[in-house]
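Architecture at a glance
What follows is each chain in one-letter form.
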Amino acid sequence: MFRRLVPRLCAAAEVERFTEEYDVVIVGGGPAGLCAAIRLKQLAGSNADNLRVALVEKGSTIGAHTLSGACIEPRTLEEFLPEYKEDGTFGKTAVTTDSFHYLTKGGNFKSPILPPTLQNHGNYIVSLGDVCRWLGEKAESMGVEVFCGFAAAEPQYGDNGALEGVQLNDVGINKKGEKGPQFEPGMILKARQTVFAEGCRGSVTKKLEEKFKLREAGNFQTYGLGVKEVWEVPEGKFEPGRIIHTAGWPLTAEEGHDNTYGGSWMYHYGDNLMSVGFVTGLDYKNPYTRPYMEFQKWKTHPFVRSFFADCKPISYGARTLVEGGLAAQPKLTFPGGVLIGDCAGFLNLPKIKGTHSAMKSGTLAAEAIWEQHYAKNPEDKPDYGAETTLYPKKFRSSWLYDELHMVRNVRQVFAKNFITGMLYTGVTCMVTKGMEPTTLPHHAPDHKCTLPASQCKPIEYPKPDGTLTFDLLTNHSRSGTAHNADQPAHLKLKNREVASDVNQKLYDGPEGRYCPAQVYEWVEKDGKKELIINAQNCLHCKACDIKDPTQNINWCVPEGGGGPNYNASM
């Protein structure tokens, strides 16, 4: 698969690693990374063969780890891949109706007007994994070297400290940390520019933020956890293109919440499919909150329940999303690389959309890399480790910056009061258009928002009935998740005693509640509760890395190819 392999001895690890050199290496095969790869090849034109671009994706295939609602705005595709409309490779259902409902415990209030951010005329409901598979095929046809099942594990630095690529994960190490008979050291992909499109809370991106100080003090991201199901809808009930969003119940005070942010979606699309999901802001305070069960409880609301009659569940998944907007973005460039997509925080929260913005960030980064380093003389290769300073300039002069700037304070206002947040969103989108003189800071990192269990009341959740609501493992079986069982756990406790002596005693062991995959379990051992990690269940959502109140869990990449295998409906 890899060509022109050059052996190089890595003395520090005393292992021989192969090194392959590229002009640009892209880490992550989601919409941002794929659009960056395609745009680079477009710009290279007749010199495309001389611009060597590789894309590595940790999922078993392109789209295997891709999860979203997804109602996408096609603006970026129309700009650089206008043929998407006529191409039938991926299914797209045009939006026909929009509605927004505020739920109380037994009531349903439909909004008489929709703010522009929730008006979806001209948008499409899709399987984002399907879109990525289409983009992947297009990238390969243009000469991008796409490698699935390879996880980027470590950044590689030159003698001057600048980034010069990534090292892929070693494979064939058993649970004891020993090299097995199938051991293969991870290759080094050396690049003049490395584009990080790892998605939300990227594991290598975390290291780069620390190394290059990409976040100033007080500049942190805030997240949500989205849990999704896909259902088959019988004829007669299916309404292609219908969109419903809700807020309010069950994230209300009467259910044990204190101004918890969140809401739901329901989309009818494709061949009689219904995408339903629920997002819970991870700055919630009550450690007894279970985002997965909030979703199950939401389905029992009288208004919501009616849509599920005679329907059949077929798929399940979960992922975190970046909610902080422009106020939570890190520095986008550093010597040798750039950040794009969700790992850079480009999601537009009020629109409940991040695909068009991720794609645009990818094309902007590609244009900046080409124009700054290659356009004058494609034959003259730039030095390793140069910083693409043109990228943030292009971003700030783009429609994407204007769009995110307008709504830059929305999440911060929601954090103060949910109702005020809804009112403010309408005002800023329809009246002030983001002309407020200040940018509000976010109130606190999500993990610091969790209160001690002694200050909160346990939350009651309905017992799963197996028809409308499901226990976690039953739903998990619909995600296609699989990992090599004989490998070290990729979810690493920095200090096992902290889990027992702090998280368990102070927060009543929240690990098993915020995780949507039953990775974490508390068991009694020698009179003391011990945290067990079922790493094979991991959906790669990163909620544990984000929400753990003591930041004691470090999510690292497992062997490439492991994790969920979301099907075409997701």
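Definitions and limits used
- Residues numbered from 1 in each chain as written.
- Predicted model: local features only at pLDDT ≥ 70, side-chain atom pairs only at ≥ 80, totals over all residues.
- Heavy atoms only, no water.
- Phe/Tyr/Trp six-rings, centres within 6.5 Å; stacked < 30°, edge-to-face > 60°.
- Buried < 20%, exposed > 50% of the residue type's maximum accessible area, 1.4 Å probe, protein only.
- Pairing = 2+ DSSP bridges.
- Helix = DSSP H or I, 4+ residues; strand = E, 2+ residues; numbered from the N terminus.
- UniProt positions renumbered as here; feature names shortened; annotations may be inferred.
- Contact = heavy atoms within 4.5 Å.
- Domains from an automatic or database assignment.
- Buried area = accessible area lost by both parts, 1.4 Å probe.
- Polar contact = N/O pair within 3.5 Å; in protein donor to acceptor, adjacent residues only side chain to side chain.
- Nonpolar A, V, L, I, M, F, W, Y, C, P; charged D, E, K, R; others polar.
- Core = buried A, V, L, I, M, F, W, Y, C linked by side-chain atoms within 4.5 Å.
- Salt bridge = Lys/Arg side-chain N within 4 Å of Asp/Glu carboxyl O.

Looking now at the packing of aromatic side chains. Summed over the entire model, instances satisfying the criterion amount to 19 aromatic pairs. On the numbers, 6.4 Å between centres and 35° between planes, the contact of Trp265 with Tyr267 is tilted. Neither residue differs from the other here; Trp265 and Tyr267 are each classed as buried. Taking the centre distance of 6.2 Å and the plane angle of 50° together, the rings of Phe278 and Trp298 count as tilted.

Another point: the sheet that holds strand 4 (residues 71–72). Across a sheet, paired strands are connected by hydrogen bonds in the backbone, their directions being either parallel or antiparallel. Strand order in the open sheet formed by three strands is 4-8-5, and the pairing between neighbours is antiparallel. If you trace the sheet from one side to the other, it starts and ends with strand 4 and strand 5 (93–94), each paired once. Relative to strand 8 (residues 124–125), strand 4 runs antiparallel, the two sharing two bridges. Its bridge partner lying in strand 8, Ile72 is registered against Tyr124.

The next point concerns the UniProt feature "domain: ETF-QO/FixX C-terminal" (unreviewed entry) in the chain. Cross-referencing UniProt, the feature "domain: ETF-QO/FixX C-terminal" (unreviewed entry) maps to residues 466–567 in the present numbering. Secondary structure across residues 466–567 comprises 25% helix and 18% strand; the distance between its end C-alpha atoms is 22 Å.

What follows deals with the environment of Leu332. Along the chain, Leu332 turns up in the loop between strand 19 (312–322) and strand 20 (333–334). Take Leu332: its relative accessible area is 6%, and that puts it in the buried class. Residues Leu332 and Phe395, 63 residues apart in the sequence, show an inter-C-alpha distance of 9.8 Å. Residues within four places of Leu332 in sequence aside, it is in contact with Gly337, Val338, Leu339, Ala344, Phe346, Tyr391 and Phe395.

On to the domain arrangement of the chain. Its domain assignment divides the chain into domain 1 (19–86 + 128–214 + 330–407) and domain 2 (92–126 + 221–324 + 446–555). Using only C-alpha atoms to locate each centre, domain 1 and domain 2 end up separated by 28 Å. For the pair domain 1 and domain 2, the two sides together bury roughly 3,000 Å², of which 57% comes from carbon and sulfur. Of all residues in domain 1, the largest losses of buried area upon contact with domain 2 belong to Leu67, Cys200 and Arg201, amounting jointly to 23% of the total for that side. Between the two partners, domain 1 and domain 2, sit 17 residue pairs in polar contact (both at pLDDT 80 or more). The residue inventory of the side of domain 1 that touches domain 2, partitioned by class, reads 15 nonpolar, eight polar and nine charged.

Once that is clear, we can look at the nonpolar core. Judged by nonpolar contacts, the single largest core of 87 residues is most densely connected at Met266, Met274, Val276, Trp298, Phe308, Leu491 and Tyr520. In terms of domain composition, this core takes at least three residues from each of domain 1 (19–86 + 128–214 + 330–407) and domain 2 (92–126 + 221–324 + 446–555). When near neighbours in sequence (up to four residues on either side) are disregarded, Met274 contacts Glu229, Val230, Trp231, Val233, Met266, Tyr267, His268, Tyr269, Phe307, Phe308 and Cys311. Judged by nonpolar contacts, the second largest core, of 76 residues, contains Leu128, Ala358, Ile369 and Tyr391.

For the structure on display, the rule yields 30 salt bridges. Taking the shortest distance from any N to any O, the salt bridge between Lys138 and Glu83 comes out at 3.3 Å. Of this pair, Lys138 sits in helix 3 (residues 128–141) while Glu83 sits in the loop between helix 2 (75–80) and strand 5, and the two are 55 residues apart along the sequence. For Lys285, the salt bridge identified is with Asp258, shortest N-O distance 3.1 Å. Of this pair, Lys285 sits in the loop between strand 18 (273–281) and helix 5 (291–298) while Asp258 sits in the loop between strand 16 (242–248) and strand 17 (262–269); the two residues are 27 residues apart in sequence, bridging distant segments of the chain. Residue Asp258 is classed as partly exposed on the basis of its relative accessible area of 44%. Among the charged side chains, a salt-bridge network with shared partners connects Glu497, Asp501, Lys505 and Lys528.

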